[in-house]
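# Close look at the chain arrangement
Listed below are the residues making up each chain.
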Amino acid sequence: LDSIKQSLPLNGKKVMVTAGPTYEAIDPVRFIGNHSSGKMGFALADELAKLGADVTLIAGPTAQKSNAYVKRIDVVSAEEMLNACTSIFSETDITVMCAAVADYRPKIIASQKIKKQESALVLELEKTVDILATLGKNKRESQILVGFALETNDEENYAKGKLEKKNLDLVVLNSLNDQGAGFKADTNKITIFNKALERTLFELKSKTEVAKDICTAILKIIK
Ligand code: CTP
Ligand code: CA
């Protein structure tokens, strides 16, 4: 069994995957969230583990079940996800940032349930830290960093912009214009750009198959 494991392409590699949404509290009973199901990130964690990697999955609130061979850390907010990611990043060889991290959070979390009033409610939101960009800044030459880009328009340009700005090795573009792609679906249609801005288009597939394609792209650039 040991010799089988040793022959796997990611044997001995430490991999971090993030998945799911983040929830940003408004008060003790309410939050701002998004529709990410976590399916894509959980499928990725599985496939990377099957290739022999030592996988840590940092998961936002999701109904997904992880496999026993994946080490799972559950988080709720963007700040918790940032802390979990930065605490292990320096030891990871490959990081795949699949989570749909909130861009904004309530500036003040009310300590008691906010009561409804006659007037409209105005919530002030502040920016969260961009986790992926933070990791990109701290990345060593030997580390591989993969990000996602979720776009509705001018998709390829935005995706390439994220690749460069966040210092990524690969960016996986998810276009919400593609039928069957996106948050809740069991399928996804992706385009991958590498550092040379070379583009690879993929067909609509199950998220498990998409995860395999992303793993193949990672294996191609392994350092
Ligand atoms: N991301 C992150 N931390 C954030 C926001 C996003 O790490 N606070 C990561 C996501 O996990 C994803 C990548 O950045 O891998 C791109 O996320 P996306 O929402 O597509 O892009 P943003 O840079 O947030 O820009 P915008 O939402 O304005 O398109
Ligand atoms: Ca965003």
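Because the structure is a prediction, the values reported are computed rather than measured.

The helix and strand tally for the chain stands at six helices and 14 strands. Its C-alpha atoms give the chain a radius of gyration of 18 Å, within 12% of the compact-globule value 17 Å for 223 residues. Dimensions along the principal axes, computed over C-alpha positions, put the chain at roughly 65 × 40 × 35 Å. By the burial criterion, 36% of the 223 residues in the chain qualify as buried.

Another point: the UniProt feature "binding site: CTP" (unreviewed entry) in the chain. Per the UniProt record, "binding site: CTP" (unreviewed entry) is found at Asp103, Lys113, Phe148, Lys162 and Lys166. What stands out for the annotated residues spanning 64 residues is how far apart their C-alpha atoms range, the widest pair being 37.6 Å apart. Structurally, aspartate 103 is set in the loop between strand E6 (94–97) and strand E7 (104–106). Looking at aspartate 103, the number of C-beta atoms within 10 Å reads 13, which means it is partly exposed.

Let us now look at the site of ligand 1. Lining the immediate environment of ligand 1, one finds 14 residues, of which Met97, Val101, Ile131, Leu132 and Gly147 sit closest. Among the elements that take part in the shell around ligand 1, strand E9 (residues 144–151) stands out by supplying four residues, more than any other. Residues that form the shell around ligand 1 fall into these classes: nine nonpolar, two polar and three charged.

Within an α-helix, residues lying three or four positions from one another point in the same direction, as the helix has 3.6 residues per turn. Here helix H3 (residues 78–88) has its buried residues at Ala78, Met81, Leu82 and Cys85. Take H3 and look down its axis: the buried residues cluster within an arc of 100°, on one side only. Looking at the buried residues of H3, the elements they touch are strand E1 (14–19), strand E2 (24–27), strand E4 (54–59), E7 and helix H4 (131–138).

This next bit is on the pairing of E2. Where E2 lies against strand E3 (residues 30–32), three bridges are found, and the strand directions are antiparallel. Directly across from glutamate 24, in E3, lies its bridge partner isoleucine 32. From the end of E2 to the start of E3, which pair antiparallel, there are two residues.

Criteria and cut-off values
Sequence order as written defines the numbering, with residues in each chain counted from 1. Here the convention is simple: chains get letters from A, ligands get numbers from 1, in the order in which they are written. Only residues with pLDDT of at least 70 get local features here, since the model is predicted, and only at 80 or more are side-chain atom pairs given and counted; chain-wide, interface and lining totals rely on the full set of residues. Each helix is a run of DSSP H or I of at least 4 residues and each strand a run of E of at least 2, with the numbering of both proceeding from the N terminus. Using C-alpha atoms as the atom set, the radius of gyration is obtained and then compared with a globule rule of 2.2 Å times the number of residues to the power 0.38. Working definition of burial: number of other C-beta atoms within 10 Å of the residue's own, with buried at 20 or more, exposed at 12 or fewer, and partly exposed in between, all C-beta atoms being placed from the backbone. UniProt positions are given in the numbering used here, feature names are shortened, and annotations may be inferred rather than shown by experiment. The criterion for a residue being near a molecule or strand is simple: its C-beta atom, placed using the backbone, must lie within 6 Å of it. In this count, Pro and Cys sit with the nonpolar residues alongside Ala, Val, Leu, Ile, Met, Phe, Trp and Tyr, while Asp, Glu, Lys and Arg are called charged and the others, Gly among them, polar. Directions are taken from the helix axis to each C-beta atom, and the arc is the one they span. Whether two residues are in contact is decided by their C-beta atoms, placed from the backbone, lying within 7 Å. Any two strands between which DSSP finds at least two bridges are classified as paired.

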